[in-house]
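In case you want the letters, here they are:
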Amino acid sequence: MPISALITNIDHRKTASLIGKWQVIIDPMEHGLYDIDEVERLNGYFINQKMEARNELVEYDFDTGDSLDVPGDWNTQRQELFFYEGSIWYRRSLTYEEQADKRLFLYFGAANYHAVVFLNGEKLGEHTGGFTPFNFEITGKLKQGANFVVVKVDNTRQHSAVPTKMFDWWNYGGLTRRVLLVEVPETFIQDASIQLAKDSQDTISGWVQLNGKVAAQQITIRIPEIGIEYQLETNAQGYAKFTFTADLELWSPENPKRYTVIVTAETDTFEDEIGFRSIATRGQDILLNGEPVFLRGVSIHEEAPFRAGRAFSREDARTLLGWAKELGCNYVRLAHYPHNETMVREAERLGLMIWAEVPVYWSIDWENPDTFANAASQLTELVTRDKNRAAVILWSVANETHASNARLKFLSDLAHKTRELDPTRLVTAALFHDAPDGTTIRINDPLGEHLDVLGCNEYWGWYFGNPDLPDLLEWETRYDKPLIMSEWGGGALYGYHGDTLTRWSEEYQEELYKRQTKMFRRIPFLRGLTPWILMDFLSPRRPLPYFQDWYNRKGLVSNRGERKKAFAVLQAFYQDLAQQ
Ligand code: GCB
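Reading guide: rules and limits
Residues numbered from 1 in each chain as written. Predicted model: local features only at pLDDT ≥ 70, side-chain atom pairs only at ≥ 80, totals over all residues. Heavy atoms only, no water. Phe/Tyr/Trp six-rings, centres within 6.5 Å; stacked < 30°, edge-to-face > 60°. Buried < 20%, exposed > 50% of the residue type's maximum accessible area, 1.4 Å probe, protein only. Salt bridge = Lys/Arg side-chain N within 4 Å of Asp/Glu carboxyl O. Helix = DSSP H or I, 4+ residues; strand = E, 2+ residues; numbered from the N terminus. Pairing = 2+ DSSP bridges. Expected span 1.5 Å × (residues − 1). Arc of directions from axis to C-beta. Contact = heavy atoms within 4.5 Å. Core = buried A, V, L, I, M, F, W, Y, C linked by side-chain atoms within 4.5 Å. Domains from an automatic or database assignment. Buried area = accessible area lost by both parts, 1.4 Å probe. Nonpolar A, V, L, I, M, F, W, Y, C, P; charged D, E, K, R; others polar.

Participant: Lay out the packing of aromatic side chains in plain terms, naming residues and giving numbers.
Facilitator: In the structure shown here, the tally under the stated rule is 40 aromatic pairs. Aromatic pair Y60 and F62: ring centres 6.1 Å apart, planes at 85°, arrangement edge-to-face. Comparing Y60 with F62 shows no difference in burial state: the two are buried. Taking the centre distance of 4.7 Å and the plane angle of 45° together, the rings of W488 and Y513 count as tilted.

Listed below in structure tokens is the structure:
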């Protein structure tokens, strides 16, 4: 069955954009929502009140206040909001002519972290999780003339949240991705899953889900380029499964082939560009379209090149992914949370395979059932959005989490849930390795039993020892499964020079990359790499003046786009690997 009421394939729907300036009120005390007894107010900021009479008292006014750009984090738009954690109210007026036979949805690409959404003073609902889309139906709720949408976004960190209180990236708050009005027919194609069946290279299988009164309909799936026209009928719940064979040119990094796929119902049409590929493991190999592949990757945060702040545009995606291509990558790790859909689609277009992940990171509240439900819901929204993207080959359920029984239960349940949502892709997580036994390091995390591919983060030569340390190390694994070194690297300030033992110098980082890449040649079960990280990124855990100035400096490229010396080391290594 379909997995949520999220409208997918949003780029191909009829939409009206609500991007641009939104009026805002900063509200660290939540005064716009609660009275002095902390009880929810009936006349909070969401009613968007105006002083009508001279003697009236209204102590806020969206119209004469500040504004912020949407999409955009608030932190990099106003100096005084750089470190801000709390609530901000957004208001936007809109006029839209509703059609009698159409339905309307208000769609958010993401809001970090918790959003409460109101239309004309009426609460539509809430959403938790800072990196996945959500939508509310507003059919019949718009008035003639001016309407207003008010959203309270709160980025307060909490121990029981996902991510938890501690993480190594900037806690960008706000309406960080696009906001749209989506217009669909009364009965519309809510969602469709269209991918190759597990382990097949010529059998497309999936399902179509309609939403609306006319549930039982005749559906046609067409792939005009190869003459496919397949008919099916939805049941009384608007649902139909299908399976058919097709003679396909498969998607791969060398040939990122996508087909136009058209799903036609009696009342709606759905079109998308879809690639087809198979992904599997055999022993310690990863097989793409049946052939062993080595994942030449790099980790990327959703951080905007040049201007700082959250990345959201096509241009941001092209710059970041362009650098990955220049490095010789065929793969990227989109860390540590779901990136925007444009990023995923651009990677697919450019032929970059993707590791996608949810922000289950460090010291999650493993025993809390609400925390699990939260992680599962973010995962569901991610899979719902991206399940038709051939580029996505790995779903990662966690990053760097310390072993415990509660953690094993949480993460094995989450891995199980991932396979229920999508049986076709591989499940992974970025693990810690064991403490070394002499100079031998073992991959031994019991979570490995529940994963298809093992990720491992290691910082030999940076957090432990100096750049020559990797020369001494040997790796072992208890698993007959592929390993990706999902993080490794060290910091360097672009333009700062010294010898190979001088911290923060480009030479230190360069030497580290030389020694690490030499070590990788000695790990027989290694099948992929995503060094940390493509570009320097902001993090409140990085206060060291001059060298850091709030930036994590492990980028191969500075935040201004300058390539550090290590860039060329990795590039040469990948060139060599690509020729083998
Ligand atoms: C890690 C984390 C990553 C950090 C990185 C670092 O292990 O997974 O989020 O940014 O180390 O730079 O310390």
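And the narrative resumes.
Participant: Describe the pattern of salt bridges, naming the residues involved and giving the relevant values.
Facilitator: A complete count under the given rule lists 47 salt bridges for this structure. A salt bridge links K141 to E122; the shortest N-O distance between them is 3.7 Å. Here K141 is found in the loop between strand 8 (134-137) and strand 9 (147-154), whereas its partner E122 is found in strand 7 (residues 122-128), with 19 residues between them in sequence. Given a relative accessible area of 33%, K141 falls into the partly exposed group. The residue E126 makes a salt bridge to K123 at a minimum N-O spacing of 2.6 Å.

Participant: Provide a residue-level description of the sheet that holds strand 19 (residues 285-288), including the pertinent values.
Facilitator: Taken together, three strands build an open sheet; the order of strands is 18-19-20 and the sheet is antiparallel. The strands lining the two open edges of the sheet, one partner per strand, are strand 18 (279-282) and strand 20 (291-292). Sheet analysis places strand 19 next to strand 20, joined by two bridges and oriented antiparallel. Within the sheet, the bridge partner assigned to L288 lies in strand 20 and is E291.

Participant: How would you explain helix 6 (residues 565-579) if you had to name every residue and give the values?
Facilitator: Here helix 6 spans 22 Å end to end across 15 residues, near enough to the 21 Å set by a 1.5 Å rise per residue. Among the residues making up helix 6, those that are buried are A566, F567, V569, L570, F573, Y574 and L577. Down the axis of helix 6, the buried set is contained in an arc of 160°. They therefore lie on one face. Facing away from the buried side of helix 6, by more than 90 degrees, are the exposed residues Q575 and Q579. Its buried side turned inward, helix 6 meets strand 21 (295-296), helix 1 (314-327), helix 5 (506-520) and strand 31 (526-529).

Participant: Run through the nonpolar core, naming residues and quoting values.
Facilitator: Counting 89 residues, the largest nonpolar core has V360, W475 and M485 as its most contacted members. For this core, the leading source of residues is helix 6, giving seven residues. Counting residues in hydrophobic clusters, the runner-up holds 30 residues, among them L68, V70, A111 and L119.

Participant: Which residues make up the pairing of strand 12 (residues 203-211), and what are the values?
Facilitator: Counting buried residues along strand 12, seven of its nine residues qualify, which places the element largely inside the surrounding structure. With eight bridges joining them, strand 11 (residues 188-196) and strand 12 adopt antiparallel strand pairing. Bridge pairing in strand 12 links D191 to Q209. Hairpin connection between strand 11 and strand 12: a loop of six residues separates the two successive antiparallel strands, and D199 in this loop has a positive phi of roughly 65°.

Participant: Describe the domain arrangement of the protein, listing the residues and the values that go with them.
Facilitator: Segmenting the protein into domains produces domain 1 (10-185), domain 2 (188-276) and domain 3 (281-578). Each of domain 1 and domain 2 has a C-alpha centre, and these two points are 35 Å apart. Each partner contributes residues to the interface: domain 1 has six residues there, and domain 2 has eleven residues. Across the domain 1/domain 2 interface, buried area totals approximately 630 Å², and carbon plus sulfur atoms make up 47% of it. Looking at the side of domain 1 facing domain 2, the largest losses of area belong to H12, R13 and P185, adding up to 73% of the total buried there. With a shortest N-O distance of 4.0 Å, D268 and R13 are connected by a salt bridge. Elements with a minimum of two residues in the side of domain 1 that touches domain 2: strand 5 (102-108) and strand 10 (179-185). Of the residues in the side of domain 1 that touches domain 2, the class split is three nonpolar, one polar and two charged.

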